[in-house]
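Below, each chain spelled out in residue letters.
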Amino acid sequence: MRFMSRRSHAGVVVTAAVVALGLAGCAGPVLAPSPAPPGGATPAPPAEPPRPGQPPPTVLAGEVKWMQALFDGTPVRVASESDGSMRVDVPMTFSFDDKSPTPKPPLRAVLDKVAATMSRQPSAKIQLAAPGAAARASAMRSHLGSRGILALRVTTTPPSSNDLVVLRVVPGPVAIDTLDDKALPPPTGAFPAVKAAPRSAP
């Protein structure tokens, strides 16, 4: 009886071990949690693609690098803005003499290079801001015109600083190759309903 008791006890132990292994196999692999981004910051959402006809923000990136290389080491500052425009700042010291509307040679050199950019970017427009008399902006417009830039592509804006002449090349709309009809709003309500006039009795 003592021998049978030990044998029964061993069978119970073996059975319990088999059941435990079976449960562990059914539980499946334990997935480790995904690592958190460095610094605990949440990942940034993907950038929204440009709408049809809207220029991409980097359309003038090559022009910005070209201008920066040309005027590196000079007081002229070239930068790209958030809307994709190229901004060129020229100090007044190198732009106009006191009370003179005539651009100085350094500013004329900048205008020549900006005109080259405008020629390569036929849909772009340029905004001019020059402190002082309005004749200064007109003289800049005339200089660009002498380089083949049409006047309708040039606009003037109020100066934001008395120490800088600012030129902003703004990218224009791009051609739409294809347009998904599903992206268009429904045409209902395009015109108000017109009630038919009542017929006059004979």
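Because the structure is a prediction, the values reported are computed rather than measured.

K.L.:
I would appreciate a short explanation of the sheet that holds strand β5 (residues 164–170) in the present structure.
P.N.:
Within a beta sheet, neighbouring strands are joined by backbone hydrogen bonds and run either parallel or antiparallel to one another. If you trace the 5 strands from one edge of the open sheet to the other, you get β1-β2-β5-β3-β4, paired in mixed fashion. Each having just a single partner strand, β1 (77–80) and β4 (154–156) make up the two edges of the open sheet. Strand-to-strand twist across the sheet, computed as the mean angle between neighbouring axes with direction ignored, equals 20 degrees. Sheet topology note: the strand β3 (residues 125–129)/β4 ladder contains 3 bridges and is parallel. Each residue of the ladder has a partner; that of Leu128, found in β4, is Thr156. Against the sheet, helix α2 (residues 61–70) engages β1 and β2 (86–91), with an angle of about 165 degrees to β1.

K.L.:
Before we go on, may I ask you to explain the environment of Trp66 in this structure?
P.N.:
With respect to the secondary-structure elements, Trp66 resides in helix α2. Accessibility expressed as a relative area gives 29% for Trp66, which makes it partly exposed. In this structure the C-alpha to C-alpha distance between Trp66 and Thr117, which are 51 residues apart in sequence, comes to 9.3 Å. Not counting residues up to four positions away in its chain, the partners in contact with Trp66 are Lys113, Ala116, Thr117 and Arg120.

K.L.:
How should I be thinking about the nonpolar core in this particular structure?
P.N.:
For soluble globular proteins, nonpolar side chains are generally found buried alongside one another. Ranked by size, the top nonpolar core spans 28 residues in total, and within it Val88, Ile126, Met140, Val165 and Leu167 carry the most contacts. Elements with a contribution of two residues or more to this core: α2, β2, α3 (105–120), β3, α4 (134–146) and β5. Considering every element that reaches this core, the biggest residue donor is α3, with 6 residues. Other than its neighbours up to four places away in sequence, Leu167 contacts Met86, Arg87, Val88, Val90, Val110, Leu111, Val114, Ile126, Gln127, Leu128 and Met140.

K.L.:
Hey, could you run me through the packing of α3 against α4 in this one?
P.N.:
Geometrically, a packed helix pair is captured by the angle between its two axes and the distance between the axes. At their nearest, the axes of α3 and α4 sit 9 Å apart, and the two run at 50 degrees to each other. One way to sum up the angle between α3 and α4 is to call them oblique. The two elements α3 and α4 cross, and the hand of that crossing is right-handed. Of α4, the residues touching α3 (which contributes Leu107, Arg108, Leu111, Asp112 and Ala115) are Met140, His143 and Leu144.

K.L.:
Got a minute to help me understand the pairing of β5 in this structure?
P.N.:
Remark: a regular strand shows side chains that alternate across the two faces of the sheet. Of all 7 residues making up β5, 5 are buried, and the element is well covered by its neighbours. Note: β2 against β5, 6 bridges, orientation antiparallel. Residue pairing for β5: Asp89 is matched across the bridge by Val166. Here β3 runs beside β5; their pairing, made up of 5 bridges, is antiparallel. Residue pairing in the sheet places Leu128 in a bridge with Leu167 of β5.

Reading the values: the criteria
- Residue positions are given per chain, counting from 1 as you read along its sequence in written order.
- Residues qualify for local features only when their pLDDT is at least 70, as the model is predicted, and side-chain atom pairs are given and counted only at 80 or more; totals for whole chains, interfaces and linings, by contrast, use all residues.
- The basis for the side-chain values is all heavy atoms of the structure; hydrogens and waters are excluded.
- Think of it this way: DSSP has to see at least two bridges between two strands before they count as a pair.
- Segments assigned H or I by DSSP are reported as helices when at least four residues long, segments assigned E as strands when at least two residues long, and all are numbered from the N terminus.
- Throughout, an axis means a line fitted to C-alpha atoms (over the contacting stretch in the case of helices), and angles, computed between N-to-C directions, take values from 0 to 180 degrees.
- Throughout, a contact is declared for two residues whenever any of their heavy atoms are within 4.5 Å.
- Under the scheme applied here, a residue whose accessible area is under 20% of the maximum for its type counts as buried, over 50% as exposed, and between as partly exposed, the area being computed with a 1.4 Å probe on protein chains only.
- Take the buried residues of types Ala, Val, Leu, Ile, Met, Phe, Trp, Tyr and Cys, join any two whose side-chain atoms come within 4.5 Å, and each joined set is a nonpolar core.
- Every angle not falling under 35 degrees, over 145, or within 65 to 115 is termed oblique; those three ranges are roughly parallel, roughly antiparallel and roughly perpendicular.
- For a crossing to be left-handed, the near helix must be turned anticlockwise from the far one by less than a right angle; the clockwise case is right-handed.

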